[in-house]
Amino acid sequence: MSGGGRLSDDEFERLMAEMKAPTPAAAPKAPERADHRPQTAFETLPRFTELRTQRAAAELLGLESPYHRVHEMRAGAVSRIDGREVVNFASYDYLGLNGDPRITRAVAEAAAQWGTSVSSSRLSAGERPAHGALEAGLAAIYEAEAALAFVSGHATALAVIPTLMGPNDLVVTDALMHNCVLLGAQYSPATRRTFPHNDLDALEAMLARDRDRFGRVLIVSEGLFSMDGDGPDLKRLVALKERFGCWLMIDDAHGLGVLGGTGRGIAEHAGVDPRAVDIWFGTLSKTLVSCGGYIAGSTALIDYLKAFAPGMVYSVGMPVPVAEAARVALELMIAEPERVKRLAANGARLRGQLVAGGFDVGAAWGFGIVPVIVGETIKTVQLAQKLLERGINVFPVLPPGVPDRSARLRFFLSAAHSDAHLDQALEALTQEAAALGLPRPRSG
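Reading the values: the criteria
- Residues numbered from 1 in each chain as written.
- Predicted model: local features only at pLDDT ≥ 70, side-chain atom pairs only at ≥ 80, totals over all residues.
- Heavy atoms only, no water.
- Core = buried A, V, L, I, M, F, W, Y, C linked by side-chain atoms within 4.5 Å.
- Buried < 20%, exposed > 50% of the residue type's maximum accessible area, 1.4 Å probe, protein only.
- Helix = DSSP H or I, 4+ residues; strand = E, 2+ residues; numbered from the N terminus.
- Contact = heavy atoms within 4.5 Å.
- pLDDT = per-residue confidence, 0-100.
- Pairing = 2+ DSSP bridges.
- Salt bridge = Lys/Arg side-chain N within 4 Å of Asp/Glu carboxyl O.
- Axes fitted to C-alpha atoms, helices over the stretch in contact; angles between N-to-C directions.
- 1 Å grid on protein atoms, 1.4 Å probe; cavity = no way out; pocket = protein on both sides within 12 Å on 5 of 7 lines; lining within 4 Å.
- Points joined across faces, edges and corners; volume = space filled by probe spheres on them.
- Nonpolar A, V, L, I, M, F, W, Y, C, P; charged D, E, K, R; others polar.

Draft legend 1. Looking closely at the nonpolar core. Residues Leu 234 and Phe 411 are the most contacted members of the largest nonpolar core, which totals 89 residues. With nine residues, the top contributor of residues to this core is helix H12 (residues 320-335). Contact partners of Leu 234, with chain neighbours within four places excluded, come to Leu 248, Ile 250, Ile 266, Ala 267, Ala 270, Val 272, Val 277 and Trp 280. With 27 residues, the next largest nonpolar core counts Leu 164, Met 177, Phe 225 and Met 249 among its residues.

Draft legend 2. Local environment of the confidence of the model for the protein. Looking at the protein as a whole, its pLDDT mean stands at 91, while 91% of the residues score no less than 70. Confidence drops under a pLDDT of 50 for residues 1-6, and excluding neighbours within four residues, the segment shows twelve contacts in the predicted structure. Below a pLDDT of 50 lies the segment residues 18-28, which in the model reaches five contacts outside its immediate sequence neighbourhood of four places, other chains included.

Draft legend 3. Region of the structure containing the sheet that holds strand E1 (residues 78-81). The three strands are arranged E1-E2-E11 in an open sheet whose pairing can be described as mixed. Among the strands making up the open sheet, the edge pair consists of E1 and strand E11 (392-393). Summarising the sheet, strand E2 (residues 84-88) and E11 pair through two bridges and their orientation is parallel. Within the sheet, the bridge partner assigned to Val 87 lies in E11 and is Ile 392.

Draft legend 4. Quick peek at the pattern of salt bridges. All told, the structure shown has 24 salt bridges when counted by the stated rule. Residue Arg 102 is joined to Asp 100 by a salt bridge in which the shortest nitrogen-to-oxygen separation is 3.0 Å. The buried category is assigned to Asp 100, whose relative accessible area is 8%. The partner of Glu 204 in a salt bridge is Arg 243, with the nearest N and O atoms 2.3 Å apart. Linking Glu 204 in helix H7 (residues 200-210) with Arg 243 in helix H8 (residues 234-244), this pair joins segments that are 39 residues apart in sequence. Overall, the relative accessible area of 22% leaves Glu 204 in the partly exposed class. Overlapping salt bridges, with partners in common, bring together Asp 100, Arg 102, Glu 336 and Arg 339 in one network.

Draft legend 5. Structural detail: the sheet that holds strand E9 (residues 293-297). Taken together, seven strands build an open sheet; the order of strands is E3-E9-E8-E7-E6-E4-E5 and the sheet is mixed. The outermost strands of the open sheet, each flanked by one partner alone, are strand E3 (146-150) and strand E5 (191-195). Direction aside, neighbouring strands of the sheet carry axes that sit 20 degrees apart on average. As defined by bridge partners, E3 adjoins E9 across five bridges and the pair is classed as antiparallel. Along E9, the bridge assignment pairs Ala 149 with Tyr 294. Running over the sheet, H7 touches strand E4 (170-174), E5 and strand E6 (217-222) and is turned about 145 degrees from E5.

Draft legend 6. Main features of the layout of surface pockets. Looking at the second largest pocket, its volume works out to about 630 Å³. Surrounding the second largest pocket, 31 residues form its lining, Met 177, His 178, Asn 179, Ser 226 and Met 227 being those nearest its centre. Looking at the lining of the second largest pocket, the elements that each hand over two or more residues are helix H5 (153-164), helix H6 (179-187), strand E8 (279-283) and strand E13 (407-412). Looking at the lining of the second largest pocket element by element, the count peaks at four residues for H6. Across the lining of the second largest pocket, the residue classes tally to 15 nonpolar, ten polar and six charged.

Draft legend 7. Fine view of the side chain of Asp 228. On the secondary structure map, Asp 228 appears in the loop between E6 and H8. When near neighbours in sequence (up to four residues on either side) are disregarded, Asp 228 contacts Leu 176, Ala 363, Ala 364, Pro 371 and Arg 408.

Pasting the structure below:
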């Protein structure tokens, strides 16, 4: 331990590496209690020690936990934390629609008419007209035959992938896919493979070598990657799935409302016919300021999921007020494309200023999400804490959420952010980064 009772950066990184090391296959048994009953304390769970060690290390460094901060007002472009108003770059409200009176009015009317729960699965007694209206709007966005709304976004992928893929099949995912897709692949009986992030040469080589060994093959990528702010070459993905006879699933959770001239996502951004993608997957909690997930595609796909996807068959249906919030937000996105343009302008402005200032933004496109890659875990948390003290709320993302040595601050942009908000953030970031002695390599 370094002087003053504090850990150095290297000591902290070494400690984190030790905590992430795999548990030995033959770990010694925990001592039994005197009465020979098994140990039942939750503190004996393997990762509880990891959690306790992380907290102790943060305390030694004088760092506050950035997790589970309480927001004391509706969090949009601004929020309030610990009684102080802050410029907020840690929410998904891309188009500034959260709290829009047209949406809250529709929600209140829906709650008054339908209550706050449908009280059953949609299969049995939970189907309501609002579900069909929302799904029709989502299908129209992707020019799909049908769509299906689930009560949870994360659970959508966990329900859909195992429902579609069998033991003779293959699921191939980008290495930086969201946790819900990785778990969905893991829970399926299919073989699982990954290809390096956006490396379609590697994907092509994998398919050329192994495609014929499997029955059905599902390729999964994202429209806009939430940690890096970049996306795939959708045209080439479509060409590969057609050449090798695969299904293509795109997670457009962060692309909807953000990419394309009117916010219709990665297909509009890339100039690709959305019908060329077999399975569109997304969430309702970002641009659509609600909660839940959706799948859009062919009628056969949706009929199959309605009948067999556990997250649909065995889960309560989406509450009508939740469905109405997403439906009205989707209508406003289409009716007010100036919101999409404002968001794009904010992203381009912030990205450009960061690059000009020497910050590393990785491969970010500058739409909605702009990371500032610091590298060191400690300094990333320190920087986030200093920014919050200056009224800028931006969340630090640390390993294992991102690869080792690539800890970062992740800026979520909104159409509701003003130029003054962006300037305030850039000034504070520049000054506090310099005070911490951070290197600021230019983005490649």
